[in-house]
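Chain by chain, the residues:
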Amino acid sequence: MKELSDSFTEHQGIMKRMKADVTVIGAGATGCGVARDLALRGLSVLIVERGDINSGASGGNHGLLHSGARYLLTDRDSAEECQDENILLREMAPQCIEATGGLFVGVEGDNENDMEDFEGLLSQSRIPHRQMDVAEARALEPSLSTHLITAYEVNDATVDPFRLSLDNVADALSHGAELLCGTAFVGVKRQGPRVTHAVLQRRSTGETLEVETTCVVNAAGAWAGYVAAIAGAKTPVRCSKGTLVVTDHRMTRCVVNRLRRPSDADIVVPGGTVSIVGTTSTPVENPDVAWPTSAEVDRIVEEASALIPRLASTRMIRAYSGVRPLFGASGGGDDRTVSRGFRLMDHGAEGVENVFTITGGKLTTYRLMAERAADAVCHYLGTGGPCVTRTRPLPVSSGALWTEPGAAPKKWMSGHQAGDGMICECEMVSESVISSLVASLKQQGLATGLAEVGLRSRVGKGACQGSFCGLRLAAWMYGQGHLTQDAGISGLRRFYKERWKGMRPVSWGDNLARAELHEALQCGLFGMEVEHD
Amino acid sequence: MINPGCTEGVARDPWTAPWDVVVIGNGLAGSAAALFAAKRGLSVAVVGSGSQLPLSSGLFDLVGMIPGESAYTTRPWDTVDALVQSTPGHPYGKLGAGTIREAFQSFISVLAEEGVGYQLCPENGRVITSVGTVKASYALPETMMAGATALEQRWKTLIVGIRGLKGFEASQVAQTARGFWPTLSAVEIAPEGLGRPGDLYAEALARELDLPKGRERLIQALRPHLDGHQAVGLPPIIGMERSREALEHLEASLGVPCFEIPGMPPTAAGVRLREALDRAFSRYGVATFVGGRAQVVTETDTGFSITASLRGDEKTLSARKMILATGRFMGGGLVGDRCRVTEPLLDLYVAQPSGREAWHRCDLFDPKGHAVNRAGVESDEQMHPLSEGGRPVNSNLFVAGSILAHQDWKREKSGAGISIATAFRAAESCGA
Ligand SMILES: Cc1cc2nc3c(=O)[nH]c(=O)nc-3n(C[C@H](O)[C@H](O)[C@H](O)COP(=O)(O)OP(=O)(O)OC[C@H]3O[C@@H](n4cnc5c(N)ncnc54)[C@H](O)[C@@H]3O)c2cc1C
Ligand SMILES: Cc1cc2nc3c(=O)[nH]c(=O)nc-3n(C[C@H](O)[C@H](O)[C@H](O)COP(=O)(O)OP(=O)(O)OC[C@H]3O[C@@H](n4cnc5c(N)ncnc54)[C@H](O)[C@@H]3O)c2cc1C
């Protein structure tokens, strides 16, 4: 209750008489995209998210705007979708994209037949590319292994998934949509084949509320099966966990892919001042418990060292995992042979006519997925105009500026007010940055707790992983009145538990000392794990 | 790099002549061991590559709880017994309550000589921290003592923040603790002329409060807010070398007890401790090679030869006996790669969990604590490090402090206690 109390009371009035043409379940990239698309077509939209924006796969992915080349060997449809959306998004959402370019490199010892096939498929495809001398590739990216045998340049890019979702939501909100975070979709009321109300539950208070709705879009990613079941429909989803590791500095200028059939730790993606290495693929039963493990991290370090030998001795800042939904027959085999394409499901045949599921796919194809889902909704309702997201650029929103590594320091360097104190020294996040974040959270009617600020900024994501800046942030937020009562303690505990998932599997070397200092402070000194009076 | 005060006292080439004892590591354990050994009349040198002490809160814990339990004990000595019973190999089990008591007494009397007073609390004193949690500790600096009474009696207390001093927010303390301490209130003051505006550091403020002029400025800014409060809580800034005088001055002028609130490092309380120990080194003639890192240790006929270096300046010391007090991962006394934990200086046997997946639990705050924090060097009752087979490695080699296995000071709240008490025993063994 604590952290949500203010915004919640403001919202209560609205919520009691809530009504929306379309209720979108899930505020990942897909849900945010669907909401924007529908709002731009003039429909009233409510986005319901049980956690916060991007708390699913959209907050736990590689951030690669695929050229499509990765899927040439295994999944031609996905390859084509990626290649088109890649080019479109560069124009429509340039603020979220860094046009790094990408390399595919063949490493000695890997299957050379696949390398030949790749060459053939690439030259037949519309993917912009260029074959490159191995020496040129190494001149471009000096950290690459000396054991390369082929190299191609493609138009891979990187995308900031937080910024992408935040900008989509902001545009949706400015076109009349509403967003409820910390609120789960838990049930429906039906009249015959039609859902008339979505039943929601506030996670902090347990309170339930009903939304009168004419259509439900299930954009719950790996949870789509659960959400469909709630609405009385079926979506056969299997879950695959992928783990990624963040290095303490940027290892390469461009994206580097290992030229082989998709396997573990093939890709190194730069992101601002760091690089992200991964991924793995492991089936999981429950998408809620998907934490990175030491074994996965070891596997990533060992495999990716074949591409970039220096990785073996590089300090890792943290690891994280995301869960992808997969479709098709389960049972045996590698998860990677299952298509990475997306699914749009009309549940009419199962007797629920106004519920649509849109899941699977990729961040790269989020816009296309949103378009298809919105088309289906508009067709069903017989309202709404045509999709405009192919031609209308995604506006830059103010609350989404601070998720990119290096953005806050740039602002600091380019001039700051005297008296604008530094809160996070590792990532140079200042008080004014946090102020503007809190202001935009309030504007959106969202809670202004530590976790919400953490999600939208780099605080706690640098070298100290929040040991010091988490405490400084809490102190400052009390001073500003953003935190009251004992919300700081529960907030810090939550914030640190969350950071810990990522620190734990990379806690060797210097990180072991950091983890120790962290615990010395939070437990040894402050006794945060102790029950007090 | 020898203390000027101490070189004069030592009329010989300080580095080649054999020392009775060389201590490696100048954290709490190493510092205490050196002083205990010097008090026994032994010639002592310390090689230390920096110190975690400025990070510490200034409180000396004995024991706060048994890992797995959820609340602090009010009977620390009973809890020491229970801890020893439930944790085979725990360092306290090798010492006994008598030694631990004696160690605490002896250590705080050394600090008292340097003007830093401590008070022992048989039921553990409870104080509020800067994040509003409660900390229970056995030995409280006198500058924090009134805080324990204020909390116990729920005095109407004013928490005072200083504008611009980062990481300490009076309203955070008051708001967080109000549930169990409803009579707390908070104020932020901006004492004119104290510190540089926009650039305030606790350590610098503490030094300004060593001087009457600085205190007057604080008092002036504080007085208007005092109405009816029975006590005043401040961040740890009440003096550096003259904290007792500063505390007395504040209390006399304001007419109410004042206390420091332990908080985020580096703290003036930690720096105060480091400086007091350095003064004690001079007083007891302990030579120091601070900033130097012991690189190589070889066994000789008469004991040990230790090579330490500091930015190219290399020294070789010879020692009859040696105490290893190099700490854990933070200090560098233990290191871990992706597979295992090792002791880098002497390659001592390190008891540890089987693999990295077992090092840490998934929940950071799991009350049972993390297994890797119990990894460490095994020792016998004399504090000889033991080989994997359980035999003393060398009869002249001793080990003390957090590097020891089978303790988790962060969860037991036993950091200072283990360091001080094992240092005491190691020094005792050196003198035997
Ligand atoms: C390890 C990994 C790496 C990846 N790398 C890339 C990459 O480099 N490039 C790329 O293009 N794609 C990548 N992907 C794929 C991409 O991340 C996903 O396809 C995309 O993020 C899916 O977004 P989504 O919105 O559909 O699902 P999600 O982001 O998972 O969103 C679903 C949301 O629904 C919410 N929810 C669930 N149940 C409920 C409920 N009952 N009520 C309310 N809300 C609910 C969840 O909290 C969640 O926020 C990667 C995926 C993984 C796992
Ligand atoms: C943030 C924090 C808060 C704390 N709060 C409390 C508290 O509230 N109460 C409490 O009782 N205790 C507290 N402690 C714990 C306590 O102060 C000590 O850290 C603990 O007792 C361990 O001391 P140590 O001397 O064994 O190790 P350390 O303090 O780590 O000292 C070891 C020293 O050895 C040096 N060293 C290592 N290798 C070499 C080498 N080869 N050559 C030379 N020097 C070397 C290191 O540089 C280091 O300075 C806190 C500690 C920290 C970090």
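Residues numbered from 1 in each chain as written. Chains lettered and ligands numbered in written order. Predicted model: local features only at pLDDT ≥ 70, side-chain atom pairs only at ≥ 80, totals over all residues. Heavy atoms only, no water.

1. Details of the pairing of strand S12 (residues 208–218) of chain A
All names here are of chain A.
Stage number 1. By the bridge criterion, 6 bridges tie strand S1 (residues 19–25) to S12 in an arrangement that is parallel. Bridge pairing in S12 links Thr23 to Val216.
Stage number 2. Across 5 bridges, the pairing between strand S11 (residues 194–202) and S12 is antiparallel. Note that in S12 the partner of His197 across the bridge is Glu212.
Stage number 3. Here S12 runs beside strand S20 (residues 355–360); their pairing, made up of 3 bridges, is parallel. What sits directly across from Val217, in S20, is Phe356. (Pairing = 2+ DSSP bridges. Helix = DSSP H or I, 4+ residues; strand = E, 2+ residues; numbered from the N terminus.)

2. Focus: the interface of chain A and chain B
Many authors give the size of an interface as the accessible area that is lost as the parts come together.
Stage number 1. Counting from both sides, the interface comprises 49 residues of chain A and, opposite them, 48 residues of chain B.
Stage number 2. Summing both partners gives a buried area of about 4,600 Å² for chain A against chain B, and 63% of it is carried by carbon and sulfur.
Stage number 3. For the interface between chain A and chain B, the tally reads 9 salt bridges.
Stage number 4. Between A:Arg504 and B:Glu357 there is a salt bridge whose closest N-O contact spans 3.1 Å.
Stage number 5. Put simply, chain A and chain B have 24 residue pairs in polar contact (both at pLDDT 80 or more) between them.
Stage number 6. Elements with a contribution of two residues or more to the side of chain A that touches chain B: helix H8 (294–304), helix H13 (469–479), helix H14 (487–503) and helix H15 (510–525) of chain A.
Stage number 7. No other element matches H15(A), which puts 12 residues into the side of chain A that touches chain B.
Stage number 8. Classifying every residue of the side of chain A that touches chain B gives 25 nonpolar, 12 polar and 12 charged. (Contact = heavy atoms within 4.5 Å. Buried area = accessible area lost by both parts, 1.4 Å probe. Salt bridge = Lys/Arg side-chain N within 4 Å of Asp/Glu carboxyl O. Polar contact = N/O pair within 3.5 Å; in protein donor to acceptor, adjacent residues only side chain to side chain. Nonpolar A, V, L, I, M, F, W, Y, C, P; charged D, E, K, R; others polar.)

3. Observations concerning the sheet that holds strand S8 (residues 157–159) of chain A
Residue and element names in this part refer to chain A.
Stage number 1. Judged by pairing direction, the sheet is antiparallel, and its 3 strands sit side by side in the order S3-S8-S4 without closing on themselves. Strand pairing shows two members of the sheet lacking a second neighbour, strand S3 (64–65) and strand S4 (97–98), which therefore form its edges.
Stage number 2. Taken together, the 2 bridges between S3 and S8 define a ladder with antiparallel strand orientation. Bridging from a neighbouring strand, Leu65 pairs with Ala157 of S8.

4. Some points on the pairing of strand S5 (residues 157–162) of chain B
Residue and element names in this part refer to chain B.
Stage number 1. For S5, the buried fraction is high: 6 of the 6 residues fall into the buried class.
Stage number 2. As defined by bridge partners, S5 adjoins strand S7 (residues 231–234) across 3 bridges and the pair is classed as parallel. Considered in S7, the bridge of Leu158 is made with Val232.
Stage number 3. Sheet analysis places S5 next to strand S6 (residues 184–189), joined by 6 bridges and oriented parallel. Looking at S6, one finds that Ile162 is bridged to Ile189.
Stage number 4. In the classification by handedness, the crossover that spans S5, the intervening helix H6 (residues 170–177) and the parallel S6 is right-handed. (Buried < 20%, exposed > 50% of the residue type's maximum accessible area, 1.4 Å probe, protein only. Right-handed = clockwise from strand over helix to strand, strands pointing away.)

5. Overview of the state of the cysteines
Stage number 1. Applying the stated rule across the entire model yields 0 disulfides over all chains.
Stage number 2. Cysteine A:Cys32 shares no disulfide, and the gap to the nearest cysteine sulfur, in A:Cys181, comes to 8.3 Å.
Stage number 3. Exposure remark for A:Cys32: the relative accessible area of 0% places this residue in the buried category.
Stage number 4. Free of any disulfide, A:Cys523 has its nearest cysteine sulfur in B:Cys362, 16 Å distant.
Stage number 5. Given the relative accessible area of 0%, A:Cys523 is considered buried. (Disulfide = S-S within 2.5 Å.)

6. Considerations on the pattern of salt bridges
Stage number 1. Taken as a whole and assessed by the stated rule, the structure comprises 50 salt bridges over all chains.
Stage number 2. As a salt-bridge pair, A:Glu302 and B:Arg338 come within 3.1 Å of each other at their nearest N and O atoms. Here the residue A:Glu302 occupies a position in helix H8, and B:Arg338 occupies one in the loop between strand S13 (335–336) and strand S14 (341–342), the pair thus bridging two chains.
Stage number 3. Judged by its relative accessible area of 51%, A:Glu302 is exposed.
Stage number 4. Among the salt bridges present, the one from B:Asp20 reaches B:Arg320, with a minimum N-O distance of 2.5 Å. Placement of B:Asp20 in strand S1 (residues 19–24) and of B:Arg320 in strand S12 (residues 313–324) is noted, with a sequence separation of 300 residues between them.
Stage number 5. A single salt-bridge network, built from bridges that share partners, covers A:Arg70, A:Asp110, A:Arg258, A:Arg260, A:Asp264, A:Asp266, A:Arg299 and A:Glu303.

7. Quick look at the packing of aromatic side chains
Stage number 1. Applying the stated criterion to the full structure yields 10 aromatic pairs over all chains.
Stage number 2. With a centroid separation of 5.7 Å and an interplanar angle of 50°, the aromatic rings of B:Phe60 and B:Phe107 are classed as tilted. Remark: B:Phe107 occurs in helix H4 (residues 97–113) and B:Phe60 occurs in the loop between strand S2 (44–48) and helix H3 (76–86); sequence separation between them is 47 residues.
Stage number 3. Taking relative accessible area as the criterion, B:Phe107 reaches 1% and is therefore assigned buried.
Stage number 4. Its guanidinium or amino end placed over the ring of A:Tyr71, A:Lys362 lies 4.4 Å from that ring's centre, counting from NZ or CZ.
Stage number 5. The residue whose ring lies beneath B:Arg338 is A:Trp508, and the NZ or CZ to ring-centre distance is 5.9 Å. (Phe/Tyr/Trp six-rings, centres within 6.5 Å; stacked < 30°, edge-to-face > 60°. Lys NZ or Arg CZ within 6 Å of the ring centre and 35° of its normal.)

8. So, the site of ligand 1
Residue and element names in this part refer to chain A.
Stage number 1. Among the 35 residues in the neighbourhood of ligand 1, the closest are listed as Thr30, Glu49, Ser58, Leu64 and Thr364.
Stage number 2. Gly56 has a polar backbone atom sitting 3.4 Å from an oxygen atom of ligand 1.
Stage number 3. Protein chains shield 95% of the accessible area of ligand 1, which is 1,000 Å² for the free molecule.
Stage number 4. Of all the secondary-structure elements, those providing two or more residues to the shell around ligand 1 are helix H2 (29–40), strand S10 (183–191) and strand S18 (316–326).
Stage number 5. Looking at side-chain class alone, the shell around ligand 1 contains 13 nonpolar, 18 polar and 4 charged residues.
Stage number 6. Taken domain by domain, the shell around ligand 1 gets at least three of its residues from each of domain 1 (4–57 + 162–236 + 340–381) and domain 2 (98–155 + 239–327). (Near = heavy atom within 4 Å. Areas by Shrake-Rupley, 256 points an atom, 1.4 Å probe, with all protein chains shown as cover. Domains from an automatic or database assignment.)

9. Topic: the sheet that holds S7(B)
All names here are of chain B.
Stage number 1. Pairing is parallel in the open sheet, where 4 strands are placed in the order S6-S5-S7-S8. Of all the strands in the sheet, just S6 and strand S8 (258–260) have a single pairing partner and so form its edges. Sheet twist, expressed as the average angle between the axes of neighbouring strands with direction ignored, equals 25°.
Stage number 2. Here H6 sits on the sheet in contact with S5 and S6, set at roughly 170° to S6. (Axes fitted to C-alpha atoms, helices over the stretch in contact; angles between N-to-C directions.)

10. Things to note about the site of ligand 2
Stage number 1. As a structural note, the neighbourhood of ligand 2 is formed by 35 residues, with B:Gly50, B:Ser57, B:Ala294, B:Ser402 and B:Ser419 the closest of them.
Stage number 2. Positioned at a junction of chains, ligand 2 has nearby residues supplied by chains A and B.
Stage number 3. Measuring from an oxygen atom of ligand 2, one finds a backbone N or O atom of B:Ser402 at 2.8 Å.
Stage number 4. One of the side-chain N or O atoms of B:Ser419 is found 2.7 Å from an oxygen atom in ligand 2.
Stage number 5. Broken down by secondary-structure element, the contributors of at least two residues to the shell around ligand 2 are H15 of chain A together with helix H2 (28–39), S2, strand S10 (293–300) and helix H12 (415–431) of chain B.
Stage number 6. For the shell around ligand 2, the element with the most residues is H12(B), which contributes 3 residues.
Stage number 7. Partitioning the shell around ligand 2 into residue classes produces 14 nonpolar, 18 polar and 3 charged.

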